[in-house]
Number of protein chains: 2
Amino acid sequence: MHRSLSLAALSLAAAAVFATTAWAQAPRREPAVNDTLASPEVSSDHRVTFRIFAPKASEVTLTGDWLGSTPAPKLSKDERGVWSVTLGPFEPSIYIYSFNVDGMAIPDPVNPRIKLRARTSASMVEVKDDTSAFWEPRDVPHGAVEINWEKSKAIAGETRAIWIYTPPGYAKTTGRYPVLYLLHGSNDTAAGWTMAGNANFVLDNLLAGGKTLPMIVVMPFGHATPFGVPAAQGAVANDALFEDYLLQDVIPTVEARYRVSPGRENRAIAGLSMGGGQSLRIGLGHLDLFSAVASFSGAVPADFETRFAGLLKDSKGTNEKIKTLWIGCGQQDSLFGRSKSLADLLAKYQVRHIFYPTDGVHNYTVWRKYLAEYAPLLFR
Amino acid sequence: MHRSLSLAALSLAAAAVFATTAWAQAPRREPAVNDTLASPEVSSDHRVTFRIFAPKASEVTLTGDWLGSTPAPKLSKDERGVWSVTLGPFEPSIYIYSFNVDGMAIPDPVNPRIKLRARTSASMVEVKDDTSAFWEPRDVPHGAVEINWEKSKAIAGETRAIWIYTPPGYAKTTGRYPVLYLLHGSNDTAAGWTMAGNANFVLDNLLAGGKTLPMIVVMPFGHATPFGVPAAQGAVANDALFEDYLLQDVIPTVEARYRVSPGRENRAIAGLSMGGGQSLRIGLGHLDLFSAVASFSGAVPADFETRFAGLLKDSKGTNEKIKTLWIGCGQQDSLFGRSKSLADLLAKYQVRHIFYPTDGVHNYTVWRKYLAEYAPLLFR
């Protein structure tokens, strides 16, 4: 360690290096046009203008999680090389989008609000109303989301992060809380329900309105096998290993570190898309551990009827065990048929459930609403 | 709410929709080549190959936080339209990089490990050694990082996130802990010290090795005024408002929510780059609140000698108040002169300090080391 003992006078030349500007972490090499480019720009009438500086590109289109099967909108280029398109008006929400520049799918280069993914990344744009929505931070007590790292037993060699919401005042109380295990979709991460789903603010607002009981919400990373190469393989293998991970690592970690209420009546499991399938598999497969199960726009297991034959046939016993079996899906979602078929199957076997079809496609605009509908039903 | 009461038989047609594949959250429109593209790819000899599929681009270069003033390496294109370059070997670390595709600065489209920024974003690549480094997760007890949201008093209308590290076992203990306020650089976010700096793992490892006392580390968002338009203005205004935010919001929130040891001897403040300047301004400006101050590659205030004239002239009194004044900078950093000049100035006035010049440029490879050097000196 060097300790300066020099008493040399400070030269005027040295003083000149005390510049006033802030200093970026890396040399800025972007063209100047990006320094002032606004993207996305949300107008008061809830229209959004998306812009990207791509002077040499020949075609730029937009991918958006609100588009469903609609063709990708094309952007048009101005004389500076800035491509833009204005869309909407949008229903207030947080939307996920990316640009496709000559075949390259990329997040918005100047938008800091990134949707992290298991592979690739995208951007987010928030459209706000005059009054803050049920998923926005209101002037109410806020819970916190804690990132816990733990070396996994089930997934050898990995130290994995679990994101865990604790209700307002958790640290100052001594009570125990029920737990909702809340799972994300394919190509998402453990941060998804917080950073895109605003699950923490949804819960804060419900609690402030007296609509839910305080609960801990556990958000693990749903990809247990390496994701994405190739993207569509390995879903079944992943679901099996993720189940081991949840049972051997996540639940024991949560129950060792947090003040949780014991027993199946204080554990619920819910998830969106891939996570909806995982919730059904794990929740209904372990009714000794869980008393409530939900699938939001779920990737319902293909073998549901054979996998859960016993549960379906003994519907009286099943109905005694499950406090809430909740199945929601947007009718414009390409997965809608799978939820509808599951609801029909449960109805056929007289397994009690709530089927909650809504408007909507396959996005967090729908899932935030489902969380706000589902959480108030829990632990009553 | 719709509750399905239908007992209609499940049709074979409906059963066909139970597909086995996982389901991405948004329609995948990327070209197939991206599904199997590996980027970045780290070889066992610590070389890294960066790749991007950009079939129509005319020039692709790489920006990297290890490059300093070195010209941006050019990538070359293969017959598939994939551009690549292999660099290194690298010293084990986590590096930040981005591509510049025909003037567009973008993160790596297929790399999920994103460096979040206040404006724009980039990617990260980790080069590991055979044995886990001081900044990697080892098989030791892990602390947690909790994201706390609080409506700001100083910055009207904003609900801001503060990232807070608590040492292993915090929730199970009843003791109080000293607090290090740890600030990030310009264009970084409250997540930076955790997601790029691995501050949590650095502290976990130091603690497991008996090298530090357990402490709470508070990482607020250092941009109090809107960042980036235009990028280089407003540093002084930001520093003033950030000081208000830290004093009026961050410290009171931390002291209300966490079990912290009281008094100035249990508060330290350190930061990198812009955050180094903020630490000097706030820490030395409030010796009633802080007893230890550090600047890592800091943007030293231009008016240091006049701003702290009283403190410099009363060096005997100052030396009694400050337990550790620590100034580190890489000698290949373009900011090195500012730290050197500060050290000379302090030496001239006989203000006790540690000047710690090292090899290195302006990046987290250096700042992780500085945190590991500095934290053991605290609260002794």
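Everything numeric in this text was worked out from a predicted model, so none of it was measured. Along each chain, residue indices are assigned from 1 in the same order as the chain's sequence is written. Chain letters and ligand numbers both follow the written order, the letters beginning at A and the numbers at 1. Only residues with pLDDT of at least 70 get local features here, since the model is predicted, and only at 80 or more are side-chain atom pairs given and counted; chain-wide, interface and lining totals rely on the full set of residues. Calculated side-chain values reflect all of the structure's heavy atoms, with hydrogen atoms and water omitted.

Some words on the overall build of chain A
Helix and strand labels come from DSSP, where a helix needs a run of H or I of at least four residues and a strand needs a run of E of at least two; each type is numbered from the N terminus. Helix and strand content of chain A: 11 helices and 17 strands. A principal-axis box enclosing the C-alpha atoms of chain A has dimensions of 85 × 60 × 45 Å. Note on exposure labels: buried denotes an accessible area under 20% of the residue type's maximum, exposed denotes more than 50%, and partly exposed covers the range between, all computed with a 1.4 Å probe on protein chains only. Expressed as a percentage of the 380 residues in chain A, the buried residues total 61%. The contacts in chain A between residues at least 6 apart in sequence include a share of 73% that link residues at least 24 apart. Areas reported as accessible are Shrake-Rupley estimates using a 1.4 Å probe. Residue values count occlusion only from the protein chains shown. For chain A, the exposed surface amounts to about 13,900 Å²; the carbon and sulfur share of it is 54%. The positive charge centre, built from 38 side chains, and the negative charge centre, built from 36, are 4 Å apart in chain A. By definition, residues are in contact when any of their heavy atoms lie within 4.5 Å. His residues and chain termini do not enter the charge count, which takes Lys and Arg as positive and Asp and Glu as negative. All charge positions are set by atom: Lys at NZ, Arg at CZ, Asp at CG, Glu at CD.

Focus: the confidence of the model for chain A
Close inspection of predicted coordinates is inappropriate for parts of the model with low pLDDT. All names here are of chain A. The quantity known as pLDDT measures the predictor's confidence residue by residue, on a range of 0 to 100. Summarising the model, chain A shows a mean pLDDT of 91, and 90% of its residues fall at 70 or more. Below a pLDDT of 50 lies the segment residues 1-31, which in the model reaches 81 contacts outside its immediate sequence neighbourhood of four places, other chains included. Interface predicted TM-score (ipTM) for the complex: 0.90; the corresponding pTM is 0.91.

Brief notes about the sheet that holds strand β1 (residues 41-42) of chain B
All names here are of chain B. Each pair of strands is called paired provided DSSP finds at least two bridges between the two strands. Overall, antiparallel pairing links the four strands, which are arranged β1-β2-β5-β4 in an open sheet. The sheet terminates laterally at β1 and β4 (76-77), the two strands that pair on one side only. Across two bridges, the pairing between β1 and strand β2 (residues 48-53) is antiparallel. Paired with E41 across the two strands is T49, which belongs to β2.

Notes on the domain arrangement of chain A
Residues and elements named next belong to chain A. You can read the domains of chain A as domain 1 (30-127) and domain 2 (144-377). Each partner contributes to the interface: domain 1 provides 16 residues, whereas domain 2 provides 18 residues. Accessible area that two parts lose when put together, evaluated with a 1.4 Å probe and summed over both, is termed the buried area. At the boundary of domain 1 with domain 2, total buried surface from both sides reaches about 1,200 Å², with 53% on carbon and sulfur atoms. Salt bridges, as used here, are contacts in which a Lys or Arg side-chain nitrogen is within 4 Å of a carboxyl oxygen on Asp or Glu. Scanning the region where domain 1 abuts domain 2 turns up two salt bridges. Taking the shortest distance from any N to any O, the salt bridge between E91 and K369 comes out at 2.9 Å. Elements with a contribution of two residues or more to the side of domain 1 that touches domain 2: β6 (93-101) and β8 (114-116). At four residues, β6 tops the list of elements feeding residues into the side of domain 1 that touches domain 2. Residue composition of the side of domain 1 that touches domain 2, grouped by class: seven nonpolar, three polar and six charged. As used throughout, domain bounds are those supplied by an automatic or database domain assignment. We call Asp, Glu, Lys and Arg charged. Ala, Val, Leu, Ile, Met, Phe, Trp, Tyr, Cys and Pro are nonpolar, and the rest, Gly among them, are polar.

Points about helix α4 (residues 199-208) of chain A
Residues and elements named next belong to chain A. Burial analysis of α4 places eight of its 10 residues in the buried class, the great majority of the element. Within α4 the residues assigned to the buried category are A199, N200, F201, V202, L203, D204, N205 and L206. Just downstream of α4, G210 is the residue with a positive phi angle, here 70°.

Some remarks on the nonpolar core
Formed by 88 residues in total, the largest nonpolar core has its most connected members in F296 of chain A together with F296 of chain B. Among all residues touching F296 of chain B, those that are not within four sequence positions of it are W193, A270, G271, L272, S273, G276, W326, G328, W367, Y370, L371 and Y374 of chain B. Counting 44 residues, the second-largest nonpolar core is a separate cluster that includes I52 of chain A together with V60, V85 and L87 of chain B. Side-chain atoms within 4.5 Å are what join buried Ala, Val, Leu, Ile, Met, Phe, Trp, Tyr and Cys residues into a set we call a nonpolar core.

Section: the packing of helix α5 (residues 235-257) of chain B against helix α6 (residues 274-285) of chain B
All names here are of chain B. It is at 10 Å that the axes of α5 and α6 come closest, and there the two elements cross at 60°. Classified by the angle between their axes, α5 and α6 sit oblique to one another. For the pair α5 and α6, the crossing hand works out as right-handed. Counted together, V236, N238, D239, A240, F242, E243, L246 and L247 of α5 and M274, Q278, R281 and I282 of α6 form the full contact between these two elements. Residue composition of the contact of α5 with α6, grouped by class: seven nonpolar, two polar and three charged. Between N-to-C directions, angles cover 0 to 180 degrees, with each direction set by a line fitted to C-alpha atoms, over the stretch in contact for helices. Roughly parallel means an angle under 35 degrees; roughly antiparallel means over 145; roughly perpendicular covers 65 to 115; every other angle is labelled oblique. It is the rotation of the near helix from the far one that decides the hand of a crossing: anticlockwise by less than a right angle makes it left-handed, clockwise makes it right-handed.

Section: the pattern of salt bridges
For side chains bearing opposite charge, pairing can occur when the charged atoms are close. Inspection of the entire model under this criterion finds 34 salt bridges over all chains. Among the ionic pairs, E126 of chain B bridges to R113 of chain B, the shortest N-O distance being 2.5 Å. Here the residue E126 of chain B occupies a position in strand β9 (residues 121-127), and R113 of chain B occupies one in the loop between β7 (104-106) and β8 (114-116), the gap between them amounting to 13 residues. Taking relative accessible area as the criterion, R113 of chain B reaches 30% and is therefore assigned partly exposed. Notably, a salt bridge pairs D188 of chain B with K115 of chain B, separated by 2.5 Å at the nearest N-O pair. Here D188 of chain B, found in the loop between β12 (179-183) and α3 (192-195), pairs with K115 of chain B, found in strand β8; they are 73 residues apart in sequence, far enough to count as distant. Neither D188 of chain B nor K115 of chain B differs from the other in exposure class; each is buried. Residues joined in a network through salt bridges with shared partners are R113, E126, K128 and E136 of chain A.

Comments concerning the sheet that holds strand β1 (residues 41-42) of chain A
Residues and elements named next belong to chain A. Pairing in this open sheet of four strands is antiparallel, and the strands run β1-β2-β5-β4 from one edge to the other. This sheet does not close on itself; its edge strands, each paired only once, are β1 and β4 (76-77). With two bridges connecting them, β4 and strand β5 (residues 82-87) associate as antiparallel partners. Bridge assignment links S76 to a residue of β5, and that residue is S84.

Let's talk about helix α10 (residues 336-348) of chain A
Residues and elements named next belong to chain A. The end-to-end C-alpha distance of α10 is 18 Å, a good match for the 18 Å that 13 residues give at a rise of 1.5 Å each. Counting buried positions along α10 gives 10 out of 13 residues, so the element sits mostly inside the fold. What α10 keeps buried is the set F336, R338, S339, S341, L342, A343, D344, L345, L346 and A347. Looking at the residues trailing α10, positive phi occurs at Q350, about 60°. By this rule the span expected of a helix is its residue count minus one, scaled by 1.5 Å.

Section: the side chain of D188 of chain A
When its relative accessible area of 0% is taken as the criterion, D188 of chain A is described as buried. Polar contact is the term for a pair of N or O atoms within 3.5 Å; when the atoms are in protein, one must be able to donate a hydrogen and the other to accept it, and sequence-neighboring residues count only if both atoms are side-chain atoms. Polar contacts involving the side chain of D188 of chain A include one to the side chain of K115 of chain A, which spans 2.5 Å.

Some thoughts on the packing of aromatic side chains
Stacked, tilted and edge-to-face pairs are distinguished by plane angle, under 30 degrees for stacked and over 60 for edge-to-face with tilted covering the rest, among Phe, Tyr and Trp rings (Trp via its six-membered ring) whose centres lie within 6.5 Å. On inspection of all chains with the given rule, the structure shows 47 aromatic pairs over all chains. Residues W326 of chain A and Y356 of chain A carry aromatic rings whose centres are separated by 5.1 Å and whose planes lie at 35° to one another, so their mutual orientation is tilted. In this pair, W326 of chain A is assigned in strand β16 (residues 324-330) and Y356 of chain A in strand β17 (residues 354-358), connecting sequence segments 30 residues apart. Here the two residues W326 of chain A and Y356 of chain A agree in accessibility, since each one is buried. Plain terms: the ring middles of F50 of chain B and W66 of chain B are 6.0 Å apart, the flat faces sit at 15° to each other, and that makes the pair stacked. Of the two residues, F50 of chain B sits in strand β2 while W66 of chain B sits in the loop between β3 (60-64) and β4, which places them 16 residues apart along the sequence. A cation over an aromatic ring shows up here: R160 of chain A above the ring of Y245 of chain A, its NZ or CZ 4.4 Å from the ring centre. Here, over-ring charges are defined by two tests on the NZ atom of lysine or the CZ atom of arginine: distance to the ring centre within 6 Å, and angle to the ring normal within 35 degrees. Its guanidinium or amino end placed over the ring of W135 of chain B, R368 of chain B lies 5.3 Å from that ring's centre, counting from NZ or CZ.

Structural notes on the environment of L246 of chain B
As for its position among the elements, L246 of chain B is in helix α5. Ignoring sequence-local partners within four residues, the contact set of L246 of chain B consists of Y181, P220, I251, P252, I269, I282 and F290 of chain B.

Examining the pairing of strand β13 (residues 216-219) of chain A
Residues and elements named next belong to chain A. With burial as the criterion, each face of β13 is covered, one bearing I216 and V218 and the other bearing V217 and M219. In the sheet, strand β11 (residues 159-166) pairs with β13 via three bridges, with the strands oriented antiparallel. Within the sheet, the bridge partner assigned to I164 lies in β13 and is V218. Of the strand pairs in this sheet, strand β12 (residues 179-183) and β13 are connected by three bridges, and their pairing is parallel. Looking at the pairing, V179 lines up with I216 of β13.

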